[in-house]
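Here is how the chains run, residue by residue.
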Amino acid sequence: MIGNLNHVAIAVPDLDAAAETYKNTLGAKVSGKQDLPEHGVTVVFVELPNSKIELLHPLGQNSPIASFLEKQPSGGIHHICYEVDNILQARDQLVATGARVLGEGEPKIGAHGNPVLFLHPKDFCGTLIELEHVGAALQQQL
Ligand code: CO
């Protein structure tokens, strides 16, 4: 079901400092900041030859990563994102096995303009998983 690793997301207390570290210390190609109000985060993407790192910082009142940073003030790995060809099919297949999809269970548009869903960490080895749809455009209105 899952395809390529799309990105690993790291929650950080200081987005500018984290972007600087990746750019200057690690010598990576780093994007500008992007606000994603629907997800409650501001992101910076680090482009690697075979994948990406997503640096996440809370945005707004109810950011899902605010409590994560309270527990891990210096930051830490927040989720990993796998690509799937058909996110609705993947979701239905996972739900049928008892896996829990977070939120309403409907895909939202993610940072790359593709539909995404999140899966409960307790069902997947303690790791929050994001699925990103990379196949043909979905029929459903998102
Ligand atoms: Co992500």
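Residues numbered from 1 in each chain as written. Predicted model: local features only at pLDDT ≥ 70, side-chain atom pairs only at ≥ 80, totals over all residues. Heavy atoms only, no water.

**Observations concerning the coordination of the cobalt ion**
With distances of 2.0 to 2.4 Å, the protein atoms coordinating the cobalt ion are H7 (NE2), E54 (OE), H79 (NE2) and E130 (OE). Each of the 4 donor atoms bound to the cobalt ion contributes to angles spanning 86 to 172°, and the resulting shape is irregular. Here the donor residues of the cobalt ion are spaced in sequence according to H-x46-E-x24-H-x50-E. Highlighted residues: E54 in strand β5 (residues 52-58) and H79 in strand β6 (residues 76-84), separated in sequence by 25 residues. Pair check on accessibility: E54 and H79 agree, each one buried. (Donors = N, O, S within 2.8 Å, 3.2 Å for Na, K, Ca; no water. Tetrahedral: all angles 85-135°; square planar, octahedral: opposite > 155°, others 65-115°. Helix = DSSP H or I, 4+ residues; strand = E, 2+ residues; numbered from the N terminus. Buried < 20%, exposed > 50% of the residue type's maximum accessible area, 1.4 Å probe, protein only.)

**Quick notes on helix α1 (residues 15-25)**
Of the residues making up α1, those classed as buried are L15, A18, A19 and Y22. For α1, the angular spread of the buried residues around the axis is 100°, confining them to a single face. Structural note: α1 exposes N24 and T25 on the side pointing more than 90 degrees away from its buried face. On its buried face, α1 sits against β1 (5-11), β2 (29-30), β4 (41-47) and β5. A side-chain oxygen of the first residue of α1 lies 3.1 Å from the backbone nitrogen of D16; this N-cap is D14. Phi turns positive one or two residues past the end of α1, at G27, with a value near 65°. (Arc of directions from axis to C-beta. Contact = heavy atoms within 4.5 Å. Polar contact = N/O pair within 3.5 Å; in protein donor to acceptor, adjacent residues only side chain to side chain.)

**As for helix α3 (residues 87-96)**
Within α3, the full set of buried residues consists of I87, L88, A90, R91 and L94. For α3, the buried positions fall inside an angular range of 160° around the axis, keeping them on one side. Every exposed residue of α3 that faces more than 90 degrees away from the buried side is listed here: Q89 and A96. Its side-chain oxygen at 3.0 Å from the backbone nitrogen of L88, N86 defines the N-terminal cap of α3. Positive phi shows up at G98, right after α3, with a value of about 100°.

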